[in-house]
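Fold and geometry: a report
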Amino acid sequence: MSRVGKKPIVIPANVQVNIANGIAKVKGPKGELSMPMPVEIAFEQNGTTLTFSRSSELKHVRALHGMVRAQINNMITGVTSGYKKTLNVVGVGYKVELKGKKLLLSLGFSHPVLFIPPDGIDFATTSATQFEVSGFNKQLVGEIAAKIREIRPPEPYKGKGVMYDGEYIRRKAGKSAGK
């Protein structure tokens with residue numbers, strides 16, 4: 001049995017979970033999320049507890065068991081407290097500004113980069129070199145943070161670029177002087 005899949009999920013009082021017609025819908029104070037449910041995974045809701053079970057011991061069904069439970073739990077956490085990723089901009093002249101809901105990145109290119117967020121994503125700047133990507137969909141928050149990091153990933157010689165807060169960049173030695 002999957003260790004993750006057999007853990008029950010406790011549903012908070014301000015969250016509604018409906019699983020019908022192969023679609024799981026979670027509605028809470030921050031928004032509403034939905035995802036398709038595989039037919040091999042069965043669920044049981046007893047009051048405020050939600051448990052999942054699988055129909056067989058096939059390899060792909062065992063893999064789905066823990067994944068479905070984790071995704072439903074992430075949806076519940078997202079609509080109650082939300083998710084946030086903090087990114088840092090490192091480099092001389094590199095900075096970040098907020099223009100309304102859009103993010104203006106100056107990353108050493110000949111032009112500034114304007115990043116427009118999709119629905120459900122908010123940006124906040126904590127300083128000129130640090131900003132946050134937040135929202136209630138964990139997958140979308142991570143995807144947008146990765147797309148922003150992809151604009152100017154950190155390079156290994158001076159460490160310049162966009163990086164996650166707390167990310168360690170392995171440094172390389174530069175050219176050594178010839179003899």
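An account of the accompanying structure is given in this report.

**Comments concerning the overall build of the protein chain**
Scanning the protein chain from N- to C-terminus turns up two helices and 13 strands. Taking 16 Å as the expected radius of gyration for a compact globule of 179 residues, we find that the protein chain reaches 21 Å, considerably beyond that expectation. Counting across all 179 residues of the protein chain, residues that qualify as buried make up 35%. Nonlocal contacts in the protein chain, meaning residues at least 24 apart in sequence, comprise 51% of its contacts between residues at least 6 apart. For the protein chain, the accessible area works out to roughly 11000 Å², and carbon and sulfur atoms hold 52% of it. For the protein chain, the distance from the average position of its 27 positive side-chain charges to the average position of its 13 negative side-chain charges is 8 Å.

**Considering the pattern of salt bridges**
Should the charged atoms of two oppositely charged side chains come close, the side chains can pair. A full pass over the atoms with the stated rule returns seven salt bridges. Note that Arg54 and Glu57 form a salt bridge whose closest N and O atoms lie 3.2 Å from each other. Across the pair Glu97 and Lys99 runs a salt bridge, and its minimum N-O distance is 3.7 Å. Here the residues in one salt-bridge network are Lys95, Glu97 and Lys99, joined through shared partners.

**Examining the nonpolar core**
With 21 residues, the main nonpolar core has Val17, Leu50, Phe52, Ile72 and Ile76 as its most contacted residues. Listing elements by their share of this core, those giving two or more residues are strand 2 (16-20), strand 3 (23-27), strand 4 (32-36), strand 6 (49-54) and helix 1 (59-80). It is helix 1 that contributes the most residues to this core, seven residues altogether. Discounting residues that sit within four places of it in the chain, Ile72 has contacts with Ile9, Ala24, Met35, Met37, Leu50 and Phe52. Residues Val89, Tyr94, Leu107 and Ile148 belong to the second largest nonpolar core, which totals 19 residues.

**What to know about the pairing of strand 4**
Only one face of strand 4 is covered, namely the face carrying Leu33 and Met35; the face carrying Glu32, Ser34 and Pro36 is uncovered. Where strand 3 lies against strand 4, five bridges are found, and the strand directions are antiparallel. Looking at the pairing, Ala24 lines up with Met35 of strand 4. Following strand 3, the chain reverses through four residues before pairing antiparallel with strand 4; Gly31 in that reversal takes a positive phi of roughly 160°.

About the thresholds
Residues numbered from 1 in each chain as written. Predicted model: local features only at pLDDT ≥ 70, side-chain atom pairs only at ≥ 80, totals over all residues. Heavy atoms only, no water. Helix = DSSP H or I, 4+ residues; strand = E, 2+ residues; numbered from the N terminus. Rg over C-alpha atoms; globule rule 2.2 N^0.38 Å. Buried < 20%, exposed > 50% of the residue type's maximum accessible area, 1.4 Å probe, protein only. Contact = heavy atoms within 4.5 Å. Areas by Shrake-Rupley, 256 points an atom, 1.4 Å probe, with all protein chains shown as cover. Lys, Arg positive; Asp, Glu negative; His and termini not counted. Charge placed at Lys NZ, Arg CZ, Asp CG, Glu CD. Salt bridge = Lys/Arg side-chain N within 4 Å of Asp/Glu carboxyl O. Core = buried A, V, L, I, M, F, W, Y, C linked by side-chain atoms within 4.5 Å. Pairing = 2+ DSSP bridges.

By themselves, these figures tell us nothing about what the structure is for.
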